[in-house]
Amino acid sequence: MPAPHPIEKPESLGVVPERLDALLTRIRREVDEGLLPSCQLALARDGKLAAVEAVGDARPTTRYVVFSATKGIVAGAAWILIGEGKLDIAARVADVIPEFATNGKDVITVEQVMLHTSGFPSAPLGPPAWASRDTRLEAFAKWRLNWEPGTRFEYHATSAHWVLAELVERAAGEDYRSFIRTRIAEPLGLALGLGIPEDEQHDIARLEPVGDPPTAEELAAIGLPPFDLGEVTEDALLGFNEPASRAVGVPGGGGVMTAADMALFYQALLHNPGGIWDDEVLADATGNVRCTFPDMLMLGAPCNRTIGVMVAGDDGKSHMRSMGRTVSARAFGHPGAGGQIAWADPESGISLCYLTNGLDRNVLREGKRGVAISSLAGLATTTL
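Residues numbered from 1 in each chain as written. Predicted model: local features only at pLDDT ≥ 70, side-chain atom pairs only at ≥ 80, totals over all residues. Heavy atoms only, no water.

**Q** Would you mind going over the environment of P294 in detail, with residue names and values included?
**A** Mapped onto the fold, P294 is located in strand β6 (residues 294–295). With 142 residues separating them along the chain, P294 and R152 place their C-alpha atoms 7.9 Å apart. Those residues in contact with P294 that sit more than four places away from it in its chain are F153, G300, A301 and P302. (Helix = DSSP H or I, 4+ residues; strand = E, 2+ residues; numbered from the N terminus. Contact = heavy atoms within 4.5 Å.)

**Q** Would you mind going over the pattern of salt bridges in detail, with residue names and values included?
**A** Within this structure, the stated rule accounts for 22 salt bridges. Among the ionic pairs, R133 bridges to E166, the shortest N-O distance being 2.6 Å. Here the residue R133 occupies a position in helix α5 (residues 133–142), and E166 occupies one in helix α6 (residues 159–172), the gap between them amounting to 33 residues. In this structure R133 comes out as partly exposed when scored by relative accessible area, which is 36%. E166 sits in the buried class, given a relative accessible area of 3%. One connected set of salt bridges, linked through shared partners, spans R26, E30, D360, R365 and R369. (Salt bridge = Lys/Arg side-chain N within 4 Å of Asp/Glu carboxyl O. Buried < 20%, exposed > 50% of the residue type's maximum accessible area, 1.4 Å probe, protein only.)

**Q** Before we move on, could you go through the layout of surface pockets and cite the residues and values that matter?
**A** Approximately 220 Å³ is the volume attributed to the second largest pocket. In terms of lining, the second largest pocket is formed by L269, L270, D279, L282, A283, T286, G287, V311, R330, F332 and P346. Contributions of two or more residues to the lining of the second largest pocket are made by α11 (259–271) and α12 (279–287). Counting residues per element, the lining of the second largest pocket draws most heavily on α12, at five residues. (1 Å grid on protein atoms, 1.4 Å probe; cavity = no way out; pocket = protein on both sides within 12 Å on 5 of 7 lines; lining within 4 Å. Points joined across faces, edges and corners; volume = space filled by probe spheres on them.)

**Q** Can you lay out the nonpolar core for me, pointing to particular residues and giving the numbers?
**A** W79, V163, M262, F265 and W277 are the most contacted members of the largest nonpolar core, which totals 91 residues. Listed in part, the 29 residues of the second largest apolar core include L20, L23, I27 and I373. (Core = buried A, V, L, I, M, F, W, Y, C linked by side-chain atoms within 4.5 Å.)

**Q** Which residues make up the side chain of S328, and what values do they have?
**A** Examined against the element boundaries, S328 turns out to sit in the loop between β8 (310–311) and β9 (332–333). Residue S328 is classed as buried on the basis of its relative accessible area of 16%. Non-local contacts of S328, meaning those with residues more than four positions away in its chain, are made with A312, D345 and E347.

**Q** Just give me the short version of unusual backbone geometry, but keep the residues and values in it.
**A** Backbone torsion omega between P127 and P128 reads 0°, so that peptide bond is classified as cis. With respect to the helices, strands and loops of the structure, P128 is situated in the loop between α4 (110–115) and α5. Notably, N103 is not glycine yet its phi reads approximately 55°, a positive angle. Checked against the element boundaries, N103 lands in the loop between α3 (93–96) and α4. Positive phi outside glycine occurs at S322, with the angle close to 65°. Tracing the sequence through the fold places S322 in the loop between β8 and β9.

**Q** Describe the sheet that holds strand β10 (residues 341–344), and please don't skip the residues or the numbers.
**A** Read across the sheet, six strands follow the order β2-β1-β11-β10-β9-β8 without closing on themselves; strand pairing throughout is antiparallel. Of all the strands in the sheet, just β2 (48–56) and β8 have a single pairing partner and so form its edges. Bridging between strand β1 (residues 38–45) and β2 involves eight bridges; their strand directions are antiparallel. Within β2, the position partnered with Q40 by the bridge is A54. (Pairing = 2+ DSSP bridges.)

**Q** Give a description of empty space enclosed by the protein that names residues and reports values.
**A** On inspection of all chains with the given rule, the structure shows two cavities of 30 Å³ or more. Of the pockets and cavities examined, the largest cavity occupies roughly 40 Å³. Taken together, K71, A75, M114, H116, H161, L164, R305, I307, G308 and H334 make up the lining of the largest cavity. Contributions of two or more residues to the lining of the largest cavity are made by α2 (70–83) and α6. Tallied by class, the residues present in the lining of the largest cavity amount to four nonpolar, four polar and two charged. Roughly 40 Å³ of volume is contained in the second largest cavity. R136, F140, W162, A165, E166, E169 and Y176 are the residues that line the second largest cavity. Within the residue set of the lining of the second largest cavity, elements represented by two or more residues are α5 and α6. (Nonpolar A, V, L, I, M, F, W, Y, C, P; charged D, E, K, R; others polar.)

Below, the structure is given as structure tokens:
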């Protein structure tokens, strides 16, 4: 079980207690109403925690599956290697992973993989094949393109990050999970779990589907047709209740940790303690928007992607990028399925993580909840 991190008085970090109380009141709502089984929130500033709250059937040390919020951590491993000159984002993936150079994929660059413009968004790789490096490489060789790389954005829920993990392994000369542990998690004193042994999973919140999907009428009322989330199905998400799946360390969505560990990871991205990352690479990775192709899951809003995270932007659509309505244009982060939230704002210095094990089938309600929580968090500091 991860050790609890110390919590400072909110006032000492410039967090307004009344605003923090409003945020904590909001996260309790669905648990108190019986919709969500539990949730956990952490708010941090100046490299320290201002609040950690666990509601429902959870403790502050309970770990949650963070789903695609994992992507920011795996990208962080790649950023280290880029700074060390061991990974070139302009290089072709096939020059690093020869097994990948089939079916027209030889032209794909590392940058395109990191931007979700590489053209294989739904390439299949699941259990049990994903548990073995050999079978993962066999899958890479079979994958085909859906469209010409670099010509559009489509979210690659898991496929691209399997490739990114292999790129990390080849550049680092060690297992991607080990690299993340020794080069990021341990130096920061964080438990950024990726690949949890089956005998160490007792403190992980079990995922539970809740609620009913929105009706066609509810979707039509806000101008939405019924939509398909692709491979991010309820069954796929619930698959992370399986000990074997948690043990794999799926790089696109299998991270397991507390909200406090994630919030402190984002503080590290703001402050770079110990020089874990090259400063220029880190600034580029968290601030330089390289892809603005429309994201159809966000109703055609620009995706605002860097090589690893999303940036809130100044177009009034930060809430569509899972960062609420009150953050600065420079805020960056990466959400996860099921309503998981993770971001940091360089202007206010705030980082936030909200996690739940309740998979709300009503994606409209889930979205509104996320906007409310992030917006309240964005207002928590005296620096506005």
